[in-house]
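Chain by chain, the residues run as shown.
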Amino acid sequence: MIKAILIFNNHGKPRLSKFYEHYNEDTEQQIIRETFHLVSKRDENVCNFLEGGLLIGGSDYKLIYRHYATLYFVFCVDSSESELGILDLIQVFVETLDKCFENVCELDLIFHVDKVHHILAEMVMGGMVLETNMNEIITQVDAQNKMEKSETFIFQSTRQDR
Amino acid sequence: MPAVSKGDGMRGLAVFISDIRNCKSKEAEVKRINKELANIRSKFKGDKALDGYSKKKYVCKLLFIFLLGHDIDFGHMEAVNLLSSNKYTEKQIGYLFISVLVNSNSELIRLINNAIKNDLASRNPTFMNLALHCIANVGSREMAEAFASDIPRILVAGDTMDSVKQSAALCLLRLNRTSPDLVPMGEWTARVVHLLNDQHLGVVTAATSLITTLAQKSPDDFKTSVSLAVARLSRIVTSASIDLQDYTYYFVAAPWLSVKLLRLLQCYPPPEDASLRSRLTECLETILNKAQEPPKSKKVQHSNAKNAVLFEAIALIIHHDSEPNLLVRACNQLGQFLQHRETNLRYLALESMCTLASSEFSHEAVKTHIETVISALKTERDVSVRQRAVDLLYAMCDRSNSKQIVAEMLSYLETADYSIREEIVLKVAILAEKYAVDYTWYVDTILNLIRIAGDYVSEEVWYRVIQIVINRDDVQGYAAKTVFEALQAPACHENLVKVGGYILGEFGNLIAGDPRSSPLVQFNLLHSKFHLCSVPTRALLLSAYIKFINLFPEVKGTIQDVLRSDSQLRNADVELQQRAVEYLRLSCIASTDILATVLEEMPPFPERESSILAKLKKKKGSSKLPDMDDSRKNVNGNTEHAEDAEVASKVPSHTFTDNLNVNSAPSSGASLLVDVFSDFSSAAPTESSDEHFPRFVCKNNGVIYENQLLQIGLKSEYRQNLGRMYVFYGNKTSTQFQSFSTSVSSNDVLCSQLNVQEKPVDPLIEAGAQVQQILNIECVSDFSDTPVLNIQFRYGGTLQNIAVKLPVMLNKFFQPTEMMSQDFFQRWKQLGAPQQEVQKIFKAKNQMDTDVTKAKVNSEALGQCEHLGPSVTDLSYSINMQSDFSFMILLLLWCFYESSQLTSLCSVAFTPPALRFRCSSVGRCGS
């Protein structure tokens, strides 16, 4: 099972956090910090797996991560998941984001955090992997966007920002 | 067209985020956020109804603020309102907010559940998916209660869309994980298995995950999945990706599904059916063969996916542990990976080999890679990989290579990362003990451990070396000599001083013949370390000194001088001072014979599992440690479990205080002493016989009465409507009690409700003696009074009269009954009459914790917490109790917050009116 999915940048700023087990807000923030601390001090070219931090279950859990340009994608999983499988999943996630945002960059994740959540929801649900087929995921996301578009014009008349 | 066009976002949100990003300092950021929170709060509270778009925008802002690590304490209601919107976008953002921010205890759960219910019934697949996602992500018990029976129906219904089926399968899996008792097994289980044949691979994947979890819990119900899984796997592995839709990932056919199927098969032994078995073997061989083929792509994703399947296949082969041919091939494959340039593969190969090492077929094959693993330990740049190498060395160790492996681990320890040093120390200690042929090697190894990594040597490790030295007389002389030499190093670790002090104190005489290690030299050496050590070590050294006085009468004077010095006799530490005083006194007054008896050599320790092993297991979690005892010969033949080791680890520390602390009783008596003390402290002398009474509401044993003459203890047991009470009368004086007699009296009403029959008691109680009396009790009907025990005896010519209320209460005869919530509430409603209900509201003194309260109520033998009632309060559950004579008590404990103070409301409904008393005491336990 996937316990948590975290995205943060090279400075440890969280860009997405999704916990599939309940922690209180403080603990969640501590976990993000601890995970960043563990992951960021590792060299490039070392392996993508390490034991989880103390807060998130210690040695019973693994952190599986990938580092893309300015962002770390970290999945915290238990022993029932295949390590390489999760690495593939991260890759699928990133490729999907890339397709949906056209050359995704950190800013897209900042300004569209709701979209990122929606895309992630098509892949992982309650800590279990729902879908790994990128085309299927994108089809779902496209369908959502269409629905959104069809509803958007209603907003136009009432739009009053801030 | 990109799926998300960048321009159509919410401008207000974008501006807010930009503002935050432009903040120069943390303070400015907090200020901006607080401003925004105030703004949103006023918008939510304002008179003007917000349109869906605004709500969505504000909820998005809240999400962003939450991500930055700020608490969000409002907006939940608005999010819940969004759930019932008909607009997809609003509903979606509402669900998002809830799955990120709402925890399972929220009071809003009922409202959320309502929205989910509507969406599940909507037959709109998008809405259904949103609802299922929400259930899976929150996964609370309330949700499980509300939907656990609906979801299987959605999952197996013929007309359900594929995407909904996928979600339903995982949703069910999640609920099964969080509240397994609420997910009913039923005819749907058979149909779930057939989802393995589904056309849509996404559905198959989700179903495989679900079945794997269910099969782990009840393998028999899902046996049929094995043949279906093998068939599916075979089609994926052997076919040239025809029916795989888009599930081919970088030229690998459906890797994720293959991995999941292989995991599912690991829940079962190898198939018994010969054709099925050969088909599976064929699959596994094909996967192994593919690993040798040239890659179809240079991309790392291709090899990753291929190897994910390969590693899982190897895991299955290891799990089956039945085909020597496959096992050896697997081992060779992993051997190749050990030297692969991809760090990930080296890591995983080391990890898989660990499990392979415990198979008897492949243990030898694994051992051939020892040099590679050792070089991994020395040269890997990545601590994660080195850690796996340590694990593997530990797993592959046996008698033939133990010396090499222990030596390598020791030398690695000098440079190892601090984070894994303690674990390596434990492993070395275990291996050294387990494979020690001669124990001199063992002693050397442990002393080396202390020398190299003294700070990481835990108590268990040095306790153990002492246990072993004491139990084996062939190594005692050597140990004394070695520690003596080790102590001569200018700087040595405190742990070494401890071991040295203990061993020389016991066996220093074995090396005293050599003038270089004469008694005085030994003593001076130990004492030169004294001032550098912590208090516990100094205490140990003092004990070693008194043992020296016994071993070597010639140094008695020197040691007495030391003990007599102000720094000892007037030491600020109580323990040290006491030892110094007592040892000094002992050495002065006791004859040689008495000294020899008191300070005799330690008796051998009972053989038990190494406490170090227990510690390692605790540290690593049992799953990760290959269980060496299963597959290989165990030198000590120890098979006790880890729990016992808790005791084992206490043994040595106990003996230090017991056997070396000469003033205390022998160790067997120590527990007795403690008991007596605890009784004293809990039973302060008092004349009132009622004072101890309330304590027996929840307890059955203890002291009920005590004065200067007499102590009365009780031990009672109850079964159904019968009880037996053992009364112990203890004479505390030095004179005998005469004409001792007792009688139990009940008032008229109680006589008909409760029978108490007393067995005769001896009329004489000798000084300091204790006599026992048995009372048999039968509960005829409900009662509220208490019987009184009257005692009469003569003490020194005067007649003594004592009356003690016997703690026999109705709750002693309670029996818990479990029932479903529906039954509970049905019965609850039937008990409507005013005299049938008592309600009490009281302030909780402590924080309410569901589990703790449950345990408390249960421990009172009141009944079984069975049901979490559907209630808007924070915590509500019910207990129902049934006594033997057919009446029922229903109890409902609510907790709610009132003006920020926690208050509990306790309601009890019952049939007989006698329970007023119980109600109030339940209230106390709840607080």
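For the structure, check the block above.
In this text, all values refer to a predicted model and were calculated from it rather than measured experimentally.

Asker: Help me out: how do you make sense of the overall build of chain B in this one?
Answerer: Summing up its helical and strand segments, chain B has 41 helices and 16 strands in all. By residue count, 54% of the 927 residues in chain B fall in the buried class. Accessible area for chain B stands at about 40700 Å²; split by element, carbon and sulfur atoms hold 51% of it.

Asker: Honestly, the packing of aromatic side chains in this entry has me stumped. Any pointers?
Answerer: Each aromatic ring pair is characterised by the separation of its centres together with the angle its planes make. Here the structure, examined in full by the defined rule, presents 21 aromatic pairs over all chains. Between the aromatic rings of F19 of chain A and Y23 of chain A, the centroid separation amounts to 5.7 Å while the plane-to-plane angle is 75°, which identifies the pairing as edge-to-face. The same class applies to F19 of chain A as to Y23 of chain A, namely buried. In this structure an aromatic cluster arises from ring pairing among Y729, F737, F740, F793 and Y795 of chain B. Note that K427 of chain B overlies the ring of Y394 of chain B, its terminal NZ or CZ placed 5.3 Å from the centroid.

Asker: Help me understand the interface of chain B and chain A, please; the structure alone is not making it clear to me.
Answerer: Often, the extent of an interface is quoted as the loss of accessible area on bringing the components together. Facing 89 residues of chain B, the contacting portion of chain A comprises 81 residues. With both sides pooled, the region where chain B packs onto chain A buries about 7500 Å², and carbon together with sulfur makes up 52% of that total. Seen at the junction of chain B and chain A, the total is six salt bridges. The salt bridge partner of R381 of chain B is D43 of chain A, with a shortest N-O separation of 3.5 Å. Our count for the chain B to chain A interface comes out at 22 residue pairs in polar contact (both at pLDDT 80 or more). No other element matches helix 1 (residues 11–22) of chain B, which puts nine residues into the side of chain B that touches chain A. Among the residues making up the side of chain B that touches chain A, the classes are represented as 36 nonpolar, 26 polar and 27 charged.

Asker: What exactly am I supposed to notice about the sheet that holds strand 5 (residues 71–77) of chain A here?
Answerer: Two pairing modes exist for strands in a sheet, parallel and antiparallel, and in both the strands are linked by backbone hydrogen bonds. All names here are of chain A. Here we have five strands laid out as an open sheet, ordered 2-1-5-4-3, and antiparallel in their pairing. Edge positions in the open sheet fall to strand 2 (14–19) and strand 3 (49–51), since each of these has one partner strand only. For this sheet, the mean angle separating the axes of adjacent strands, direction not counted, is 20°.

Asker: Explain empty space enclosed by the protein to me, please; I cannot follow it from the model alone.
Answerer: Once rolled over the atoms, a probe with the size of a water molecule shows which space is left empty. Residue and element names in this part refer to chain B. Applying the stated criterion across every chain, the model contains 11 cavities of 30 Å³ or more. In this structure, the largest cavity encloses a volume near 100 Å³. Lining the largest cavity, in full, are P270, P271, R277, L280, T281, L284, I317, H320, D321, S322, E323 and L326. At the level of secondary structure, the elements contributing two or more residues to the lining of the largest cavity comprise helix 15 (274–292) and helix 16 (300–320). Broken down by element, the residue count for the lining of the largest cavity peaks at four residues, all from helix 15. Size it by volume and the second largest cavity reaches roughly 70 Å³.

Asker: Is there a simple way to explain the pairing of strand 3 (residues 701–706) of chain B in this structure?
Answerer: Within a regular strand, side chains alternate between the sheet's two faces. Of the pairings in the sheet, the one linking strand 3 of chain B to strand 4 (residues 710–719) of chain B comprises five bridges and is antiparallel in character. Bridged to V703 of chain B within strand 4 of chain B is G713 of chain B.

Asker: For this particular structure, what's the right way to read helix 29 (residues 535–551) of chain B?
Answerer: Given 3.6 residues to a turn, an α-helix orients residues that are three or four positions apart in the same direction. Here helix 29 of chain B is 17 residues long and its end C-alpha atoms lie 24 Å apart, about the 24 Å a rise of 1.5 Å per residue gives. Buried residues dominate helix 29 of chain B, accounting for 13 of its 17 residues.

Asker: Would you explain the packing of helix 10 (residues 162–178) of chain B against helix 12 (residues 201–217) of chain B in this entry?
Answerer: How two helices sit against one another is set out by the angle between their axes and by the gap between those axes. Residues and elements named next belong to chain B. Packing of helix 10 against helix 12 brings their axes to within 8 Å, and their N-to-C directions diverge by 20°. By the angle between their axes, helix 10 is roughly parallel relative to helix 12. For the pair helix 10 and helix 12, the sense of crossing is left-handed. Seen from helix 10, the contacting residues are D162, K165, Q166, A169, L170, L172, L173, N176 and R177; seen from helix 12, they are G202, V203, A206, A207, S209, L210, T213, L214 and K217. Per-class residue counts for the contact of helix 10 with helix 12 are nine nonpolar, five polar and four charged.

Asker: I'm lost on a negative patch on the surface in this one. Help?
Answerer: Residues and elements named next belong to chain B. A contiguous patch of negative charge on the surface is contributed by D438, D473, D474, E600 and E601. Looking at where D474 falls in the secondary structure, it is placed in the loop between helix 25 (459–471) and helix 26 (476–487). Of the residues examined, D474 reaches a relative accessible area of 58% and is grouped as exposed.

Asker: Looking at this structure, I do not really get the pattern of salt bridges. What am I missing?
Answerer: Two side chains bearing opposite charge may form a pair once their charged atoms approach each other closely. All chains considered together, the criterion is met by 39 salt bridges over all chains. Here the salt bridges share partners, and the residues they tie into one network are E51 of chain A together with R388, D391, E423 and K427 of chain B.

Asker: Hey, could you run me through the nonpolar core in this one?
Answerer: When a protein is soluble and globular, its nonpolar side chains tend to lie buried together. In terms of nonpolar packing, the biggest core is built from 271 residues, with I2 of chain A together with I112 and I116 of chain B touching the most fellow members. In terms of residue count, helix 2 (residues 83–101) of chain A provides more of this core than any other element does, 11 residues in total. Taken domain by domain, this core gets at least three of its residues from each of domain 1 (189–320) and domain 2 (367–603) of chain B. Filtering out sequence-adjacent residues up to four positions away, I2 of chain A remains in contact with Y20, F75, C76, V77, E81, I86, L89, V124, G127 and V129 of chain A. Counting residues in hydrophobic clusters, the runner-up holds 36 residues, among them F693, I704, L789 and F814 of chain B.

Asker: So what exactly am I meant to see when it comes to the environment of I405 of chain B here?
Answerer: Residues and elements named next belong to chain B. Along the chain, I405 falls in helix 22 (residues 402–413). Considering only alpha carbons, one finds I405 and A432, 27 residues apart in sequence, at a separation of 9.7 Å. Other than its neighbours up to four places away in sequence, I405 contacts I370, L393, M396, C397 and L431.

Asker: Whenever I open this one, the packing of helix 22 of chain B against helix 24 (residues 439–453) of chain B confuses me. Can you help?
Answerer: All names here are of chain B. It is the contact of helix 22 with helix 24, at a shortest axis distance of 10 Å, that shows an interaxial angle of 15°. With respect to helix 24, the axis of helix 22 lies roughly parallel. Pair helix 22 / helix 24 crosses with left-handed handedness. In this structure, helix 22 contributes S402, K403, V406, L410 and L413 to the contact, and helix 24 contributes W441, T445, N448, L449, I452 and A453. Each residue belonging to the contact of helix 22 with helix 24 can be placed in one class, and the counts come to seven nonpolar, three polar and one charged.

Asker: Explanation requested: the environment of I17 of chain B in the structure shown.
Answerer: Looking at the secondary structure, you find I17 of chain B in helix 1. With relative accessibility at 1%, the residue I17 of chain B sits in the buried group. Residues I17 of chain B and K61 of chain B, 44 residues apart in the sequence, show an inter-C-alpha distance of 8.3 Å. Leaving out residues up to four positions away in the same chain, I17 of chain B has contacts with I110 and F111 of chain A together with F64 of chain B.

Asker: Looking at this structure, I do not really get the side chain of N129 of chain B. What am I missing?
Answerer: Residue and element names in this part refer to chain B. Along the chain, N129 falls in helix 7 (residues 125–138). In this structure N129 comes out as buried when scored by relative accessible area, which is 12%. Looking at N129, its side chain comes within polar contact range of the side chain of S167, at 2.8 Å. Not counting residues up to four positions away in its chain, the partners in contact with N129 are S163, V164 and S167.

Parameters and conventions
- Residues numbered from 1 in each chain as written.
- Chains lettered and ligands numbered in written order.
- Predicted model: local features only at pLDDT ≥ 70, side-chain atom pairs only at ≥ 80, totals over all residues.
- Heavy atoms only, no water.
- Helix = DSSP H or I, 4+ residues; strand = E, 2+ residues; numbered from the N terminus.
- Buried < 20%, exposed > 50% of the residue type's maximum accessible area, 1.4 Å probe, protein only.
- Areas by Shrake-Rupley, 256 points an atom, 1.4 Å probe, with all protein chains shown as cover.
- Phe/Tyr/Trp six-rings, centres within 6.5 Å; stacked < 30°, edge-to-face > 60°.
- Lys NZ or Arg CZ within 6 Å of the ring centre and 35° of its normal.
- Contact = heavy atoms within 4.5 Å.
- Buried area = accessible area lost by both parts, 1.4 Å probe.
- Salt bridge = Lys/Arg side-chain N within 4 Å of Asp/Glu carboxyl O.
- Polar contact = N/O pair within 3.5 Å; in protein donor to acceptor, adjacent residues only side chain to side chain.
- Nonpolar A, V, L, I, M, F, W, Y, C, P; charged D, E, K, R; others polar.
- Pairing = 2+ DSSP bridges.
- Axes fitted to C-alpha atoms, helices over the stretch in contact; angles between N-to-C directions.
- 1 Å grid on protein atoms, 1.4 Å probe; cavity = no way out; pocket = protein on both sides within 12 Å on 5 of 7 lines; lining within 4 Å.
- Points joined across faces, edges and corners; volume = space filled by probe spheres on them.
- Expected span 1.5 Å × (residues − 1).
- Parallel < 35°, antiparallel > 145°, perpendicular 65-115°, else oblique.
- Left-handed = near helix turned anticlockwise from the far one by under 90°.
- Patch = residues over 30% accessible without salt bridge, like charges linked within 9 Å, V, L, I, M, F, W, Y side chains within 5 Å.
- Lys, Arg positive; Asp, Glu negative; His and termini not counted.
- Charge placed at Lys NZ, Arg CZ, Asp CG, Glu CD.
- Core = buried A, V, L, I, M, F, W, Y, C linked by side-chain atoms within 4.5 Å.
- Domains from an automatic or database assignment.

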